[in-house]
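Survey of secondary and tertiary structure
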Amino acid sequence: MTVCIFASSSSRINIEYAKAASELGTLLARADMDVVFGGGGIGLMGKVADSVLENNGRITGVIPVFMKEEGWDHPGVTKMIITPDMGERKRQMFSLADAVVALPGGVGTLEELTEAITLKQLGLFRGSIIILNTLNFYRSLTEFLDNMVEGQFLRDEHKGMWQIVSTPDEVMEYLSRNESWIHDPRSIAKI
Amino acid sequence: MALAVNDSNFDEVVVKSDKPVMVDFWAEWCGPCRMIAPIMEEISNEFSGRALVVKCDVDNSPGVAAKFGIRNIPTVLYFKEGKVADKQVGAVPKNNFVSKLNALF
């Protein structure tokens, strides 16, 4: 099973986020899962990659060529796929992923997470979408998603497309269930 | 057509070649690798008889990939007289690949 991680590239964040990222990387490697991520060497992306590698796991980075030229790539990953641009990077990550996990992050992470939800709503991605809500980071996003449902911009059953969990252990629990989205996408997409 | 090379025939085909060789390191699950595959075919045809264009699947050829430190894909290595003469990482326009090959003549 290949798990795709979306996460921050910032290093200036609370250490608790880094601890959770390292713990998740360790658990993924020990569970013998293949990990895919955005290829960054720092921030939570870097922490996940470091911990996967320290535990003899496999991790593939997917990074646009301009980021590699800037030297933002993780130097030690098992493999690195060099994409021409950001759009191709996301396509590549989704094409490899059986499940996605969003850790805390900025607008790039948010965009990847919401694209995952959008693709799942349209039946173009069927894997689990797990949000690791360390320190309740995603509280306001879950409120916002609830607002969408309340205002009927999103159907109530769409809320089943993602799982919000507090700890890396719970991430692993959901991954082990490996639920796939069985709703008929075309019917559920009609609002 | 771009010939497939692997751990067992790499030395024979690439290192011992008397013509310049482009080796396209790729993998089935790599989107950008699939994007450049048709470019490699074109270059192979255009340089037929003058240079060799080959493909090396990194999953099936761990020995070669490790020997040349291939971690980024797609990576194209240019060989001249059995030695690495140049390198191109990532999916870039055809002209970039061609100009590096032309420089070997």
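Scroll up to find the structure.
These lines cover the structure that appears in this document, whether it is placed above or below. (Residues numbered from 1 in each chain as written. Chains lettered and ligands numbered in written order. Predicted model: local features only at pLDDT ≥ 70, side-chain atom pairs only at ≥ 80, totals over all residues.)

1. Side note on the overall build of chain A
- Counting its regular elements, chain A contains 8 helices and 7 strands.
- For 191 residues, the compact-globule estimate of 2.2 N^0.38 gives 16 Å, and chain A sits close to it at 16 Å.
- Considered along the principal axes of its C-alpha atoms, chain A spans approximately 45 × 35 × 30 Å.
- Of all intrachain contacts in chain A linking residues separated by at least 6 positions in sequence, the fraction that spans at least 24 positions is 71%. (Helix = DSSP H or I, 4+ residues; strand = E, 2+ residues; numbered from the N terminus. Rg over C-alpha atoms; globule rule 2.2 N^0.38 Å. Contact = placed C-beta atoms within 7 Å.)

2. A look at the interface of chain A and chain B
- Taken together, the contact pairs 13 residues of chain A with 11 residues of chain B.
- At the level of secondary structure, the elements contributing two or more residues to the side of chain A that touches chain B comprise β4 (79–83) and α4 (86–96) of chain A.
- Its residues assigned to classes, the side of chain A that touches chain B comprises 7 nonpolar, 3 polar and 3 charged.
- Two elements, β4 of chain A and strand β4 (residues 72–73) of chain B, share 2 bridges in a ladder whose sense is parallel. Counted as the bridge partner of M80 of chain A is N72 of chain B from β4 of chain B. (Nonpolar A, V, L, I, M, F, W, Y, C, P; charged D, E, K, R; others polar. Pairing = 2+ DSSP bridges.)

3. Quick word on the pairing of strand β6 (residues 128–132) of chain A
Residue and element names in this part refer to chain A.
- Most of β6 sits inside the fold, with 5 of its 5 residues counted as buried.
- Residues S128, I130 and L132 line one face of β6 and the alternating positions I129 and I131 line the opposite face, and both faces are buried.
- In this sheet, β6 lies alongside strand β5 (residues 99–102) in parallel orientation, the contact comprising 4 bridges. Considered in β6, the bridge of A102 is made with I131.
- Between the parallel elements β5 and β6, the chain passes through helix α5 (residues 107–121) in a crossover that is right-handed.
- Bridging between β6 and strand β7 (residues 162–165) involves 4 bridges; their strand directions are parallel. Note that in β7 the partner of L132 across the bridge is V165.
- Read from β6 through helix α6 (residues 139–150) to β7, the crossover connection turns out right-handed. (Buried ≥ 20, exposed ≤ 12 C-beta atoms within 10 Å, placed from the backbone. Right-handed = clockwise from strand over helix to strand, strands pointing away.)

4. Points about the sheet that holds strand β2 (residues 34–37) of chain A
- The 8 strands are arranged β7(A)-β6(A)-β5(A)-β1(A)-β2(A)-β3(A)-β4(A)-β4(B) in an open sheet whose pairing can be described as parallel. Because the sheet does not close on itself, it has two edges, and the strands there are β7 of chain A together with β4 of chain B.
- Here strand β3 (residues 58–64) of chain A runs beside β4 of chain A; their pairing, made up of 5 bridges, is parallel. Across the sheet, V62 of chain A pairs through a bridge with I81 of chain A, a residue of β4 of chain A.

5. Looking at unusual backbone geometry
- Here the residue pair I73 of chain B and P74 of chain B is connected by a cis peptide bond, since its omega of 0° sits within 30 degrees of zero.
- In this structure, L135 of chain A is a non-glycine residue whose phi angle is positive, near 55°.
- Tracing the backbone through its elements, the reader meets L135 of chain A in the loop between β6 and α6.

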